[in-house]
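Each chain, written out:
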Amino acid sequence: MRAAVCREGEFGVREIARPEPGPRQVLLRVLRAGICGSDLHARVHCDETADLISEAGYDDFMRTDQDVVLGHEFVGEVVSYGPDCRKRWKPGTRVVSLPIRRTDGEVQLTGLSALAPGAFAEFVLADESVTMPVPEQLPTDLAALTEPLAVGLHAVERSDIGRGEVAVVVGCGPIGLAVILMLKARGVRTVVASDYSPARRALAKTCGAQIVVDPAHDDLVEAIPARGNHFHTGPALLGFALDSMRQLQSIPGLPWWKLMGVGERLGQVPKGPVVFECVGVPGMIDRLATTMPYRSRIVVAGVCMEPDTIRPALVSNKEIDLRFVFGYDPDEFRETLHLLADRKIDARPLLTGTVGLDGVAAAFEALGDPETHAKILVDPASDALTP
């Protein structure tokens, strides 16, 4: 089969052996595969990433001196099954899958390991247990977005955000846009989005952000609706506490501590917005902890692959809640698929180009310009050389 093979940061289209499905695996003919930000990073920085992930117990992440077929966001059609499969779908059925599978008894990351070739190829293997049929009404191009949009859903779920809280999305690349789509699907009424790119700010608006900010010219914090209980300095927060105590104690016959409990349940206790960090560059977490109001929740969805520094005393004194997220759960993956199919979210604005296997290298270069592209798909049957 033909595949776009990456080695030493360069792509070349080659003829390689078509994979044979092993136990509990299904062979798919690739219909579309998305290019992810992690693909862009892994192409040139995979050795540093491999060293880091090895500390977490996974030793088979791709290396620059290996031949690797990238592609972990994909939709395909069933071709055949390996041993011990339930054979749940007929050949030709369109499916999506979580990009994890067992190879020689070991769990591997599809498209991010030389041991588990990905979907920038004519065929790819998937584990039957984490493979799901695509609803008939869902176009193939949109089905290919299931995986990256599930990352956004997981971040929103982990944030515990309420509909009446203010969401702030910092960075409007594909993950930031996915977070915005999922915030709106969850009924969050106020979403503020920030990005240096005019094109990405326009996409954020299209995806549902009410307020968009250019951080090069505008103050993000000033653009956040205060909702009456955002505090930016310690004295202001303590002054609020003193004033509140005086008012509560002036109500005859009612213990102030019980009234305070009622206020908590009604959302009157000071807290900041829910901030989604979707950039992943050194210094961003500390910058947000410094500038955001007291008692903000910062959900870190951007993956910073370099060492970084935060000041725990600052985070502690401001009672900033830091939550780090990665990936998604299988039920979130399935829910994302059906949110797309049921048109609860409209991800069409994210689709900005398609190439064939011979155009993969050009697509990676094009994605370096945020003004032109958001998500480029690879169609192995296409002859397109540029997105």
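What you see is a predicted model, and the numbers here were worked out from it, not measured in a lab.

Criteria and thresholds
Residues numbered from 1 in each chain as written. Predicted model: local features only at pLDDT ≥ 70, side-chain atom pairs only at ≥ 80, totals over all residues. Heavy atoms only, no water. Helix = DSSP H or I, 4+ residues; strand = E, 2+ residues; numbered from the N terminus. Rg over C-alpha atoms; globule rule 2.2 N^0.38 Å. Contact = heavy atoms within 4.5 Å. Areas by Shrake-Rupley, 256 points an atom, 1.4 Å probe, with all protein chains shown as cover. Lys, Arg positive; Asp, Glu negative; His and termini not counted. Charge placed at Lys NZ, Arg CZ, Asp CG, Glu CD. Domains from an automatic or database assignment. Buried area = accessible area lost by both parts, 1.4 Å probe. Salt bridge = Lys/Arg side-chain N within 4 Å of Asp/Glu carboxyl O. Nonpolar A, V, L, I, M, F, W, Y, C, P; charged D, E, K, R; others polar. Buried < 20%, exposed > 50% of the residue type's maximum accessible area, 1.4 Å probe, protein only.

Okay, the overall build of the chain next. Scanning the chain for helices and strands turns up twelve helices and 17 strands. Taken over C-alpha atoms, the radius of gyration comes to 23 Å for the chain, in line with the 21 Å a tight globule of 387 residues would show. Counting only contacts in the chain whose residues sit at least 6 apart along the sequence, the fraction spanning at least 24 positions is 71%. For the chain, the accessible area works out to roughly 18,000 Å², and carbon and sulfur atoms hold 52% of it. Positive and negative side-chain charges of the chain, numbering 40 and 52 respectively, have mean locations separated by a distance of 9 Å.

Another point: the domain arrangement of the chain. For the chain, the assigned domains are domain 1 (2–134 + 347–378) and domain 2 (149–324). Here the C-alpha centroids of domain 1 and domain 2 sit 34 Å apart. Contact residues are listed per partner, giving ten residues for domain 1 and twelve residues for domain 2. Interface area for domain 1 against domain 2, summed over the two sides, is near 990 Å², with a carbon-plus-sulfur share of 76%. On inspection of domain 1 and its partner domain 2, the count reaches zero salt bridges. For the side of domain 1 that touches domain 2, the element with the most residues is helix α1 (residues 37–55), which contributes three residues. For the side of domain 1 that touches domain 2, the per-class residue count stands at six nonpolar, two polar and two charged.

Glancing now at the pattern of salt bridges. Evaluated as defined, the whole model comprises 20 salt bridges. A salt bridge links Arg2 to Asp358, with the shortest nitrogen-to-oxygen separation between them at 2.8 Å. Note that Arg2 is positioned in strand β1 (residues 2–7) and Asp358 in the loop between β16 (351–355) and α12 (360–366), a separation of 356 residues in sequence. Residue class for Arg2 comes out partly exposed when judged on its relative accessible area of 26%. Of the charged contacts in the structure, one is a salt bridge between Asp84 and Arg24, with a shortest N-O distance of 3.7 Å. Separated by 60 residues along the polypeptide, Asp84 in the loop between β4 (73–81) and β5 (94–97) and Arg24 in the loop between β2 (10–15) and β3 (25–34) bring together distant segments of the chain. Taking the relative accessible area as the measure of exposure, Asp84 reaches 58% and is therefore exposed.

Further remarks concern unusual backbone geometry. Positive phi values are uncommon outside glycine, yet Arg295 reaches one of about 60°. Among the structural elements, Arg295 can be located in the loop between α9 (284–291) and β14 (297–300). On the basis of relative accessible area, Arg295 is assigned to the partly exposed category, the value being 34%. Of note in the backbone geometry, Glu319 takes a positive phi value of approximately 50° without being a glycine. Within the fold, Glu319 resides in the loop between α10 (312–317) and β15 (321–324). Given a relative accessible area of 47%, Glu319 falls into the partly exposed group.

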